[in-house]
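# Per-entry structural report
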Amino acid sequence: MPTKKELQCFLDVATEAAMAGGAVLKQYWGNLSSIQEKGRSGDLVTEADRASEAEVLAVIGRHYPNHAILAEESGQLGQRDSPLLWAIDPLDGTTNYAHQYPLCAVSIGLLVAGVPTIGVVYNPILEELYRAARGLGATHNRQQMQVSTTAKLTNSLLVTGFAYDRRETIDNNYAEFCHFTHLTQGVRRGGSASVDLAHVASGRLDGYWERGLSPWDLAAGVVLVTEAGGRVSAYDGQPFDIYSGKLVATNGPLHQPIVQQLAQVQPLPQFEPV
Ligand code: IPD
Ligand code: CA
Ligand code: CA
């Protein structure tokens, strides 16, 4: 476990990198000349994703040239055997960004020996900065933040998302979406997993589940939620694995109810391919 001073340094570097990436996202906002699909229908990449990632990598590489990096657009970089791994999404919520829907963020997490330890999520469009370090608490725009106290599903507002493979898999999360829409005050689809997690951490939303995620979508957000007093786990309530792609994150009181309901979801009829 790093010392408090080391944690503070990691958090400051993650913040500097997120702000640098965020400045690029502000420049390109509404000014994109290139929007491409990465392979799967709907999985977009723009020049803003790439330029933001270059800025983030430059800041982290300048401070920590010996750390390992897993970045969405560049893949694995740096010293692969380092116990310190930065998981970077330079633009989480590219579809929103391309449509100028302002839920998007730079998401930067640091895993120490596999444990999510630092999380910074910065939405440069709404100027919202979420930060957390393991054992040091979590902040929203530099003010301490906490999860909600909602204790009943019937009083809750949840959030989820749908991965880009949703048209090719039976496990597309549509049945879960209907199930929880029926049981709660509503289920939002934010379009940026890191912002969804930041909203659970700040108490705006009470819980989140999703499948088909990548480590860079989650690494920062899980630190925000746990440090704000919430819980994270696999769908079955067991410890979650950042490489599994599946996560439940809640305010705590709703964790067991959501895990129990996930186990009871019934399949829906399949949609025709489009
Ligand atoms: C996506 C967003 C979205 C989630 C997808 C992610 P991207 O990330 O986080 O909310 O539902 O699974 O891939 O492609 O915008 O970086
Ligand atoms: Ca993402
Ligand atoms: Ca991305």
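Residues numbered from 1 in each chain as written. Chains lettered and ligands numbered in written order. Predicted model: local features only at pLDDT ≥ 70, side-chain atom pairs only at ≥ 80, totals over all residues. Heavy atoms only, no water.

Around the calcium ion (ligand 3), the protein contributes the donor atoms Glu72 (OE), Asp89 (OD), Asp89 (OD) and Leu91 (O), which lie 2.2 to 3.1 Å from the metal centre. Counting gaps between the donor residues of the calcium ion (ligand 3) yields the pattern E-x16-D-x1-L. Between the two metals, the calcium ion (ligand 3) and the calcium ion (ligand 2), the spacing is 3.7 Å, and Asp89 donates to both. Placement of Glu72 in the loop between β3 (68-71) and β4 (75-78) and of Leu91 in strand β5 (residues 84-92) is noted, with a sequence separation of 19 residues between them. Residue Glu72 is classed as partly exposed on the basis of its relative accessible area, which comes to 22%. (Donors = N, O, S within 2.8 Å, 3.2 Å for Na, K, Ca; no water. Helix = DSSP H or I, 4+ residues; strand = E, 2+ residues; numbered from the N terminus. Buried < 20%, exposed > 50% of the residue type's maximum accessible area, 1.4 Å probe, protein only.)

One turn of the α-helix equals 3.6 residues, which is why residues spaced by three or four share an orientation. Over its 17 residues, helix α2 (residues 47-63) extends 25 Å from the first C-alpha to the last, a length consistent with the 24 Å expected when each residue adds 1.5 Å. For α2, every residue scored as buried is listed here: Glu47, Ala48, Asp49, Ser52, Glu53, Val56, Leu57, Val59 and Ile60. The N-terminus of α2 is capped by Thr46, whose side-chain oxygen sits 3.0 Å from the backbone nitrogen of Ala48. (Expected span 1.5 Å × (residues − 1). Polar contact = N/O pair within 3.5 Å; in protein donor to acceptor, adjacent residues only side chain to side chain.)

The next point concerns the site of ligand 1. Close to ligand 1 lie 16 residues; Asp92, Gly93, Thr94, Tyr164 and Glu210 are nearest. A distance of 2.8 Å separates an oxygen atom of ligand 1 from a polar backbone atom of Thr94. One of the backbone nitrogen or oxygen atoms of Ser192 is found 3.0 Å away from an oxygen atom of ligand 1. In the complex, 94% of the free accessible area of ligand 1, which totals 380 Å², lies under the protein chains. (Near = heavy atom within 4 Å. Areas by Shrake-Rupley, 256 points an atom, 1.4 Å probe, with all protein chains shown as cover.)

A few words on the sheet that holds strand β13 (residues 207-210). Taken in spatial order, the five strands line up as β12-β11-β13-β15-β14 in an open sheet, and their pairing is mixed. The outermost strands of the open sheet, each flanked by one partner alone, are β12 (186-189) and β14 (231-233). If you compare each strand with its neighbour and ignore which way they point, the axes differ by 20° on average. Set on the sheet, helix α7 (residues 255-262) makes contact with β11 (157-160), β13, β14 and β15 (247-250); between it and β15 the angle comes to about 150°. (Pairing = 2+ DSSP bridges. Axes fitted to C-alpha atoms, helices over the stretch in contact; angles between N-to-C directions. Contact = heavy atoms within 4.5 Å.)

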